[in-house]
Amino acid sequence: MRRPIIGGNWKMNRGSPESAREMLQELIPLVKKVKKVDIVIAPPFTALQEASVVKVTNIKLGAQNMYFEEKGAYTGEISPIFLKALGIDYVILGHSERRNIFGESDELINKKIKKALEMGLIPIVCIGEHLEERKAGKTEIIIEKQINGTFADLNKKEIMKIVIAYEPIWAIGTGETATPEQAAEVHQFIRSLLNDKYDEKVAQSVRIQYGGSVKPHNALELFQKADIDGGLVGGASLEAESFAEIIKAVEKTI
Ligand code: PGA
């Protein structure tokens, strides 16, 4: 059985220590009884230190990005060593905003994944198609290309440590969620690719989150789908109450 995982991607919000503290003071008591779900929050780098209060709770800390080198002349970049020093467990890699706004390629993301794994960080790797690609019937081609590129040369042990987030780009921040059927169909397709590339054990072990306008009102029907192992949540993770409701929705499906 795969353990569900809910991630809160704060993006470029709540980056001051005060704002992060305010959110977490509310969130921690709301979810403290949740035992069977992995809960991860990914605040901006500037709030990670403050957010490390969660270390003594059932919430884990994630970063939103990292570079694949450990140190040196890489102005503006963050080393995985710095993340480890703060006690961080997860790192989101290849988010569509990184790909589309900052031009990150599958090749770059692949290097970051390998480095994260080497350092003992768990990568949450995002993949997903644009609206035009879906309309043109190219969703599967795009997903396969992203999987082949971002996971190139990863062995079985490595791929099994990764969390995949299927995030159709047209559903991110738009309020337009994929229907549970649309999401489940792609999740199944990802598992079939993992089966072809690796084996049945890998296909059944890797956790696949859905992301894109997950809200308290649609979370349960998405998470009820057998192949959806939780969600990566943007907007609705910024307020403790809505994030806690989403976490409790996944708990109901166990
Ligand atoms: P959203 O973001 O929930 O605001 O659509 C999801 C994401 O980008 O991970």
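Conventions and cut-offs
- Residues numbered from 1 in each chain as written.
- Predicted model: local features only at pLDDT ≥ 70, side-chain atom pairs only at ≥ 80, totals over all residues.
- Heavy atoms only, no water.
- Core = buried A, V, L, I, M, F, W, Y, C linked by side-chain atoms within 4.5 Å.
- Buried < 20%, exposed > 50% of the residue type's maximum accessible area, 1.4 Å probe, protein only.
- Helix = DSSP H or I, 4+ residues; strand = E, 2+ residues; numbered from the N terminus.
- Contact = heavy atoms within 4.5 Å.
- Near = heavy atom within 4 Å.
- Polar contact = N/O pair within 3.5 Å; in protein donor to acceptor, adjacent residues only side chain to side chain.
- Areas by Shrake-Rupley, 256 points an atom, 1.4 Å probe, with all protein chains shown as cover.
- Pairing = 2+ DSSP bridges.
- Axes fitted to C-alpha atoms, helices over the stretch in contact; angles between N-to-C directions.
- 1 Å grid on protein atoms, 1.4 Å probe; cavity = no way out; pocket = protein on both sides within 12 Å on 5 of 7 lines; lining within 4 Å.
- Points joined across faces, edges and corners; volume = space filled by probe spheres on them.
- Nonpolar A, V, L, I, M, F, W, Y, C, P; charged D, E, K, R; others polar.
- Salt bridge = Lys/Arg side-chain N within 4 Å of Asp/Glu carboxyl O.
- Right-handed = clockwise from strand over helix to strand, strands pointing away.

Trainee: Just checking my understanding: could you explain the nonpolar core for this structure?
Mentor: A general tendency of soluble globular proteins is for nonpolar side chains to be buried together. In terms of nonpolar packing, the biggest core is built from 69 residues, with Leu27, Ile41, Ile190 and Phe223 touching the most fellow members. By residue number, the principal contributor to this core is helix H12 (residues 240-252), which donates seven residues. Setting aside anything within four residues of it in sequence, one finds Phe223 in contact with Ile6, Val214, Ile228, Gly230, Gly231, Ile246, Ala249, Val250 and Thr253. Among the nonpolar cores identified, the runner-up in size contains 10 residues, and Ile92, Val163, Ala165 and Leu232 belong to it.

Trainee: Would you mind going over the site of the ligand with me for this structure?
Mentor: Around the ligand, the surrounding shell holds 13 residues, and the nearest of these are Lys11, His95, Glu167, Gly173 and Ser213. In this structure, an oxygen atom belonging to the ligand sits 2.7 Å away from a side-chain N or O atom of Lys11. A distance of 2.8 Å separates an oxygen atom of the ligand from a polar atom in the backbone of Ser213. For the ligand, the protein covers 97% of the area, taking 280 Å² as the surface of the free molecule.

Trainee: For this particular structure, what's the right way to read the sheet that holds strand S6 (residues 163-166)?
Mentor: Sheet strands line up and pair through hydrogen bonds in the backbone, either parallel or antiparallel. With parallel pairing, the eight strands of this closed barrel are ordered in space as S1-S2-S3-S4-S5-S6-S7-S8. Here the average twist between neighbouring strands, direction ignored, is 30°. The sheet contact formed by strand S4 (residues 90-93) and strand S5 (residues 122-127) spans four bridges and is parallel. Each bridged residue has a counterpart across the sheet, and for Leu93 the counterpart in S5 is Val125. Across the sheet, helix H7 (residues 139-150) lies against S5 and S6, angled at about 150° from S5, the strand it touches most.

Trainee: Just checking my understanding: could you explain the layout of surface pockets for this structure?
Mentor: Gaps between atoms show up when a probe of the same size as a water molecule is rolled over them. In this structure, the largest pocket encloses a volume near 410 Å³. As for the largest pocket, its lining consists of 15 residues, and the residues nearest its centre are Lys11, Met12, Gln64, Arg98 and Phe102. Looking at the lining of the largest pocket residue by residue, the class counts come to seven nonpolar, five polar and three charged. Taken as a whole, the second largest pocket holds about 280 Å³ of empty space. Around the second largest pocket, the lining is made up of 14 residues, and of these Met1, Arg2, Pro4, Thr253 and Ile254 lie nearest the centre.

Trainee: Can you help me understand the pattern of salt bridges in this one?
Mentor: Oppositely charged side chains are able to pair whenever their charged atoms sit close together. Under the defined criterion, the tally for this structure stands at 18 salt bridges. In this structure, the salt-bridge partner of Glu97 is Lys11, at a minimum N-O distance of 2.9 Å. Of this pair, Glu97 sits in helix H4 (residues 96-101) while Lys11 sits in the loop between strand S1 (5-9) and helix H1 (17-31); the two residues are 86 residues apart in sequence, bridging distant segments of the chain. Given a relative accessible area of 25%, Glu97 falls into the partly exposed group. We note a salt bridge from Lys156 to Asp199, for which the minimum N-O separation is 2.6 Å.

Trainee: Got a minute to help me understand the pairing of strand S7 (residues 207-211) in this structure?
Mentor: Successive side chains on a regular strand alternate, one facing one side of the sheet and the next facing the other. With five of five residues buried, S7 is to be regarded as a mostly interior element. Neither face of S7 is open: one carries Arg207, Gln209 and Gly211, the other Ile208 and Tyr210, and all of them are buried. In this structure, S6 lies alongside S7, joined through four bridges in parallel fashion. From the neighbouring strand, Tyr166 faces S7, where its bridge partner is Tyr210. One ladder, built from two bridges, connects S7 with strand S8 (residues 231-233); its direction is parallel. Paired with Gly211 across the two strands is Leu232, which belongs to S8. In terms of handedness, the path from S7 via helix H11 (residues 216-223) over to S8 forms a crossover that is right-handed.

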